[in-house]
Amino acid sequence: MRNTNAFKEAFADTLAELARRGVTVRPGRVADTIERNTCTVAERLGIQERSAWRYFNPAGLAARIAER
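As the structure is a prediction and not an experimental result, all values here were calculated from the model. (Residues numbered from 1 in each chain as written. Predicted model: local features only at pLDDT ≥ 70, side-chain atom pairs only at ≥ 80, totals over all residues. Heavy atoms only, no water.)

## Notes on the packing of aromatic side chains
Here is step 1 of the chain: All chains considered together, the criterion is met by three aromatic pairs.
Here is step 2 of the chain: Measuring from centroid to centroid gives 6.3 Å for Phe7 and Phe11, while their planes differ by 10°, and the two rings are stacked. One end of the pair is Phe7 and the other is Phe11, both in helix α1 (residues 5–20) and four residues apart, which spans about a single turn.
Here is step 3 of the chain: Its relative accessible area of 5% is what places Phe7 among the buried residues.
Here is step 4 of the chain: Residue Phe11 is classed as partly exposed on the basis of its relative accessible area, which comes to 21%.
Here is step 5 of the chain: Ring centres of Phe7 and Trp53 lie 6.2 Å apart, and the angle between their planes is 75°; on these two criteria the pair is classed as edge-to-face. A residue pair is termed long-range when its members are at least 10 positions apart, and Phe7 in helix α1 and Trp53 in the loop between α2 (27–45) and α3 (58–67) qualify at 46 residues.
Here is step 6 of the chain: Look at Trp53 and you get buried, because its relative accessible area is 15%. (Phe/Tyr/Trp six-rings, centres within 6.5 Å; stacked < 30°, edge-to-face > 60°. Helix = DSSP H or I, 4+ residues; strand = E, 2+ residues; numbered from the N terminus. Buried < 20%, exposed > 50% of the residue type's maximum accessible area, 1.4 Å probe, protein only.)

Nothing here speaks to function; it is geometry throughout.
Following this line, the structure appears as structure tokens:
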């Protein structure tokens, strides 16, 4: 999953949102969170992982990470 263009774009967008908010997080933690969330969405909705990207919101994820 991490080698797909969708993942790379989501990762870059999330890191940019975190930087805009002034939050520093290990890139590996962000990547793990994105992968876990996307897999969970796909599993719960009964869809393929590649289809779950349409539900991904980098700003929302960055906000949740920033709250912690």
